[in-house]
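# Observations on chain architecture
Chain residues, written in single-letter form:
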Amino acid sequence: MEKLKSVVPSNIMRMISESTADDLPSTCSSLLDFFLSLQLFHDVVRELTDPELGLCRKDAGAALDFKKKGNECFASGDYAKALSFYSQALRSAPMDKGDETDKNLVPTLYVNRASTLHKMGLTVESVRDCNRAVVRLPSYTKAWYRRGMANASMGNYEDAIQDLDIAMNMELSSGGNSKIKEELEIIKKQSRRVKNSPKKASNMNCSSIVERFQTKLKCVSTSTKGRGIVSTVDVSQASLIHFEEPYAVIITKACRKTHCHFCLNELPADTVPCSSCSMTLYCSQYCQEQAIGQKPGIDLNVIPALGNVSTDLKRYVERISLENNSGHPVADSNPTWVAEHRHECGGVHWPAVLPAEIVLAGRVLVKKIEAKKYSKGDVDSPKALELCHNYGCMTPETKLEIHIYAIVLTYCLQLSYADEVSLSGLSQLAVLISQIKVNSMAVVHMKSPDACEQGKHSGGLSPMDNTLTNQIEQVRVGQAIYSTGSLFNHSCQPNVHAYFLSRSLLIRSTEFVEAGYPLEISYGPQVGQGDLKDRQKVLEDQYSFRCQCSGCSELNLSDIVINALACVKPSCFGAVVDRSMVNGKRQGANWIQDVSTISCLEQPLPIDKQKRDDVSEVAHLLFEHKDGLETDLGYCLNCRSYRDLESSQKAIRQAEINIKRLQSRVTTGKLDRRIISDALGSLDILRLTMHAYNKYIAQVEDSFAEAFCSIGDFQSSVQHCKASIKILEKLYNPNHIVIGNELVKLASLQQCLGDNTSALDSINRLDAIFSLYYGSHAAKVVPYLNSLKREASKLLQLGDTASSSESN
C-alpha cells in the first residue's frame, strides 16, 4: 500500500486531507479514477486477488515434502519436529479428494500426526486426529487401529475394543489381522480388570457457564460524550452486567500460528487447518465449521469396506463421524449464522496482507449483506449495527489510507460478492473503515506460565529459574466489533471492566453504580497507567476524541506524583512539579495547566474526601488559596522549597546508566553482585531525587525484584516487590487489577522463600481482586490462579506437619 500512497497526486491528497464525511463520495471517486489509469494499482489488485499468485494456496508438492521430513524425524525419535512437519503438511495439503495418488494424503497425514501425538503422551489429541482421518476415509484400517491404541492408553477400553473390532474387520492381510487380534485380546483382558472405565471429560462452550444477570442496560445520549450506556437499576459491585458474542472478529497477525482463528483460544497440538487455504488454523472441527461452513460426514451406504461390520459397529462409526472433536455440536443451520472466513478463502493473498482492521471491515460488510438476505425471509435478521465515527477529526495520512483501503477491499470482496459489492459504494465502505477504527475492541487474553510447576518444594526455585517476576502477559489475540459493547464510553477511571472468554465479551462492575449513572470501560489508558497528557494523546491519536472523564477533569493524586520530583527538605513529603507533568490542559473551568504554571481558579477542585486527603499529603497548597495560586516549575507543592530541575534531571540520567545495565544483564542472564551493588547506589539517588510515588521508581523496584530472584536471593526480591506494590497502590488503588497481577509475583516469591503463610495471605488478597474483576470466571480468565492457591495450601500443610513432627 505504501507504493500506492506515494504516487497519489498532491491535489488529490490535499482534497482528501481537507475532506469531511460528506465529501467522501467525491474524494473516493477522484482517487478511483486516478487508480484506474495506473498500472501499479492493477498489479497490486491482481497480486492480492489471484489465487495463483497468493501465498495461501494449497500445494500438494509442499505437503508431500513436509510429510517426508516428518517421517524422517519420527523414525529418528524427534517427535516434536515430526509434529511440526506433519502440521505444516496438513496446512498445505489440498483437502479435496484429488486424483488417485493424492486422495489418501490428508487421512494419512492425520494418522501420522496421531501416531506422533501418541508417542508424545498426547492421547486425547491423538484420538481427535484419528477421528478426522476416519471422517475423511472411514475404511482406513490404520486410523481405526491407531484410535483403538490411543483409547486403550487412556483407559477407554469399551471404545478401544470397538475401534479394533472395526480395524480387524477391515484389515485384508492375514499378518495385519493377527496383530490387531493380539492387541484386541490384551485390551479385553485389561478391560475385565477394570470395573469402571473413566468417563470422558466434556468440554463446555463458554456461553453455557455465563452467570445470569438482571441488569437492564439503556443507550442514552449526552452533550459531552454522545451515545453511552447506563443501567436502569442500581448495579452492585462485582455484578456481571453484559455478555455478548461479536458481530465480527478477526485474529491479530501476531497470533495466527498460536491461536484459533475462530474462537481465539490457544491452539492445541492437533490443529485443524482450513480446507481451502494454508493460512487459517482452528482448534477443533467445530471452529472450522463455524468459520467456513464446512460440515464433513460419512455416507455409510457408499462404503463397501464396512459391509461385514455389524449394525452396532456401523452405528458406532456413524457416531464418530458426526461427533465434534471438541464435544461441540456440529455447526447449526440457523440462517442468521454467517461463515465469516468463507469469502476470504481459496488461496487468495489479501486476507493475509491487508491490516487486520481492514479484513474485519470486510467481515462486517459481508455480515450486513447476509443480514439483508435474512430480513427478506421468515426468520429474524442479525441485530442492526449502528456505529459512530470521527472521520473529520482524523489525520490526513489516516484519511488517505482509508480511501486506498476502501478501493482495494472493494475489489477483493467482489470475488465472492460481485453483485452486492460495487464501486458505487466506496464512500459507505470508507465510513465503515473509519467506524471500525474507533469502535472495534481489542480481544485480550491473559497468558502465564504456571509458577507452581516451576517450584514444587518449600525452597522454591533454583537460581537459574529467573522468570518468576515476569509471569503476567496479556496477549492481544484479536480485534472485534460488538453491537452493544461499542456503545460503552471510555473513562480513565472506569466503573466497569471488560474481559473475554474465548471471543465473547463480558462486562462486570468494579464498584457500586447508581441507576442512570454512565457505565464506562477503559479503552486502554487509565489513571495510574500514564499521566494526563499521555492518556489524552493516546485517546486522541487512536480514537479521535479528547477525554473529559472524571479522571481528566478532576484533580487526582496520580497525575501529580506519577512523574514528580521529591522536595529537597528530607522532612517534607511534597511533590515538585516537573515540566513533563504540566505539558497538557485540564478540561473544565476549574483546572488549567500550561508550560509554566498550575492554577487553581475561583473554587477548590471537585474532589471527594478520600482523594482530597491523598492529594493534600503531597500538595496541600493547592487547597489553601481559594483566590488562585501560581506554582512555578521546580517548587514544592507543600512547602514552596525550590529544586533545581536541570541538576535533578542530570542526576536521574546518570543513575539510569546503572539501572539499564542491571535490566540488560537480567535479560541476558549475565548478572553479578557488583552490577547489583552499583544499581542499588543509583536507586538511592533516584529515591532522593524523585518523589516516593514516582512510577519510574516502582518499575525500578520491580527490576530489582527480578534481579535478586535470578540469583536466588528471594528475601531481597520480596522486599523490592513489596516496595513496587506500595507505589502502585497509590497511583491506581489497592483493589485495582494491576495490584492483583503484582500480587501473583509476590505470592510466588513468598512460596520460593518458604513463607507459605504470607504467600497464602497474598493469594487470598489477589483472589479477592480477581473475583471483583472476573467474578466466577476468575479461574478461567486467570488459569494459573487455582494452581497457585492449591500449591500455597499444600505447602502450608506440609509446613504445619513438619512443625508438628519437630514438637513431638
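Parameters at a glance
- Residues numbered from 1 in each chain as written.
- Predicted model: local features only at pLDDT ≥ 70, side-chain atom pairs only at ≥ 80, totals over all residues.
- Heavy atoms only, no water.
- Helix = DSSP H or I, 4+ residues; strand = E, 2+ residues; numbered from the N terminus.
- Buried < 20%, exposed > 50% of the residue type's maximum accessible area, 1.4 Å probe, protein only.
- Contact = heavy atoms within 4.5 Å.
- Areas by Shrake-Rupley, 256 points an atom, 1.4 Å probe, with all protein chains shown as cover.
- Core = buried A, V, L, I, M, F, W, Y, C linked by side-chain atoms within 4.5 Å.
- Pairing = 2+ DSSP bridges.
- Axes fitted to C-alpha atoms, helices over the stretch in contact; angles between N-to-C directions.
- Phe/Tyr/Trp six-rings, centres within 6.5 Å; stacked < 30°, edge-to-face > 60°.
- Polar contact = N/O pair within 3.5 Å; in protein donor to acceptor, adjacent residues only side chain to side chain.
- Expected span 1.5 Å × (residues − 1).
- Parallel < 35°, antiparallel > 145°, perpendicular 65-115°, else oblique.
- Left-handed = near helix turned anticlockwise from the far one by under 90°.
- Disulfide = S-S within 2.5 Å.
- Salt bridge = Lys/Arg side-chain N within 4 Å of Asp/Glu carboxyl O.
- pLDDT = per-residue confidence, 0-100.

### Brief notes about the overall build of the chain
A tally of regular secondary structure across the chain gives 31 helices and 16 strands. In the chain, which comprises 808 residues, the proportion classed as buried is 52%. Put simply, of all contacts in the chain between residues at least 6 apart along the chain, 70% involve residues at least 24 apart. Entry remark: accessible area of the chain is about 36500 Å², with carbon and sulfur atoms responsible for 49%.

### Some details on the nonpolar core
Membership of the largest hydrophobic core comes to 77 residues, with the highest contact counts inside it found for I560, F704, L766, F770 and Y774. When residues of this core are assigned to their parent elements, the largest contribution, nine residues, is made by helix 26 (residues 695–710). Discounting chain neighbours no more than four positions away, the residues touching L766 are G740, L743, V744, A747, L785 and L788. By size, the runner-up hydrophobic cluster in this structure holds 64 residues, among which are V364, L365, Y391 and V421.

### Overview of the sheet that holds strand 7 (residues 441–447)
An order of 4-8-7 is seen for the three strands of this open sheet, with the pairing classed as antiparallel. Single-partner strands in this sheet number two, and they are strand 4 (248–251) and strand 7. If you compare each strand with its neighbour and ignore which way they point, the axes differ by 35 degrees on average. Inspection of the sheet shows strand 7 paired to strand 8 (residues 473–481) by seven bridges, in the antiparallel sense. Each bridged residue has a counterpart across the sheet, and for V444 the counterpart in strand 8 is R476.

### A look at the packing of aromatic side chains
A full pass over the atoms with the stated rule returns 14 aromatic pairs. An angle of 50 degrees between the planes, with centres 5.1 Å apart, marks the rings of Y523 and Y543 as tilted. On the criterion of sequence distance, the pair formed by Y523 in the loop between strand 12 (518–521) and helix 19 (532–543) and Y543 in helix 19 is long-range, its members being 20 residues apart. A residue is classified by how much of its surface remains accessible, and Y543, at 9% relative accessible area, is buried. Measuring from centroid to centroid gives 6.3 Å for Y523 and F545, while their planes differ by 90 degrees, and the two rings are edge-to-face. Placement of Y523 in the loop between strand 12 and helix 19 and of F545 in the loop between helix 19 and helix 20 (550–553) is noted, with a sequence separation of 22 residues between them.

### What about the environment of D559?
Within the secondary structure, D559 sits in helix 21 (residues 557–561). Residue D559 is classed as buried on the basis of its relative accessible area of 4%. Considered as a pair, D559 and K533 are 26 residues apart in the sequence and their alpha carbons are 9.4 Å apart. Separated by 2.9 Å, the side chains of D559 and R535 make a polar contact.

### Section: helix 7 (residues 105–119)
The end-to-end C-alpha distance of helix 7 is 21 Å, a good match for the 21 Å that 15 residues give at a rise of 1.5 Å each. Burial within helix 7 is extensive, with 14 of its 15 residues counted as buried. After helix 7 finishes, the residue G121 shows a positive phi value of roughly 85 degrees.

### Section: unusual backbone geometry
With glycine set apart, most residues show a phi of negative sign, and most peptide bonds adopt trans. Positive phi, normally seen in glycine, also occurs at A238, with a value near 65 degrees. Along the chain, A238 turns up in the loop between strand 2 (226–231) and strand 3 (240–244). Among the residues examined, A238 registers a relative accessible area of 28% and is labelled partly exposed. In this structure, R640 takes a positive phi of about 70 degrees despite not being glycine.

### What about the packing of helix 5 (residues 60–75) against helix 6 (residues 79–92)?
One can describe the packing of helix 5 onto helix 6 by two numbers: an axis separation of 8 Å at closest approach and a directional angle of 165 degrees. When the axis of helix 5 is compared with that of helix 6, the two are roughly antiparallel. The two elements helix 5 and helix 6 cross, and the hand of that crossing is left-handed. Contact with helix 5, carried on its side by A60, A62, A63, F66, K67, K69, G70, N71, C73 and F74, involves Y79, K81, A82, F85, Y86, Q88, A89 and S92 of helix 6 and no other residues of that element.

### Brief notes about the packing of helix 24 (residues 645–668) against helix 25 (residues 673–689)
Contact geometry of helix 24 with helix 25 gives a least axis separation of 8 Å together with a crossing angle of 145 degrees. Both helix 24 and helix 25 take part in a crossing whose hand is left-handed. On the side of helix 24, the interface is formed by S648, A651, I652, A655, N658, I659, R661, L662 and R665, while helix 25 contributes I675, I676, D678, A679, S682, L683, I685, L686 and T689.

### Points about the state of the cysteines
If you walk through the whole model with that rule in mind, you get zero disulfides. Not part of a disulfide, C274 finds its nearest cysteine sulfur in C345, a span of 3.1 Å. Of all cysteine sulfurs, the one in C572 lies closest to C636, which takes part in no disulfide; the gap is 3.7 Å.

### A short note on the pattern of salt bridges
All told, the structure shown has 24 salt bridges when counted by the stated rule. A salt bridge links R363 to E340, with the nearest nitrogen and oxygen atoms 3.4 Å apart. Placement of the pair is R363 in helix 15 (residues 356–375) and E340 in the loop between helix 13 (311–322) and helix 14 (350–353), with a sequence separation of 23 residues. Judged by relative accessible area, R363 falls into the buried class, the value being 8%. Taking the relative accessible area as the measure of exposure, E340 reaches 10% and is therefore buried.

### Description of the sheet that holds strand 1 (residues 217–222)
In sheet architecture, strand pairing relies on hydrogen bonds along the backbone and comes in two forms, parallel and antiparallel. Taken together, four strands build an open sheet; the order of strands is 1-2-12-9 and the sheet is mixed. This sheet does not close on itself; its edge strands, each paired only once, are strand 1 and strand 9 (489–490). Two strands pair when backbone bridges link them, and strand 9 and strand 12 are joined in this way by two bridges, in the parallel orientation. Bridge pairing in strand 12 places H490 opposite I521.

### Description of the pairing of strand 10 (residues 496–501)
The buried fraction of strand 10 is high, at five of six residues. Alignment of strand 10 against strand 11 (residues 504–509), held across six bridges, turns out to be antiparallel. Residue H497 lies in a different strand from strand 11, and its bridge partner there is R508. Hairpin connection between strand 10 and strand 11: a loop of two residues separates the two successive antiparallel strands, and S502 in this loop has a positive phi of roughly 60 degrees.

### With respect to the pairing of strand 3
The buried fraction of strand 3 amounts to four of the five residues, a majority that puts the element mostly inside the structure. With four bridges connecting them, strand 3 and strand 11 associate as antiparallel partners. Pairing of E244 across the sheet is with L505, part of strand 11.

### Focus on the confidence of the model for the chain
A low pLDDT means the predicted coordinates there should not be read in detail. Predicted confidence across the chain gives a mean pLDDT of 82, with 81% of residues reaching 70 or more. Counting interchain partners and residues more than four positions distant, the pLDDT-below-50 stretch residues 377–382 has 11 contacts. Taken as a whole, residues 450–470 scores under 50 in pLDDT and shows 49 contacts with residues more than four places along the chain or in a different chain.

### Regarding the side chain of S648
With respect to the helices and strands, S648 occurs in helix 24. On the basis of relative accessibility, which here comes to 3%, the residue S648 falls in the buried class. If near-sequence neighbours (up to four positions away) are discounted, S648 is found in contact with L565, R643 and T689.

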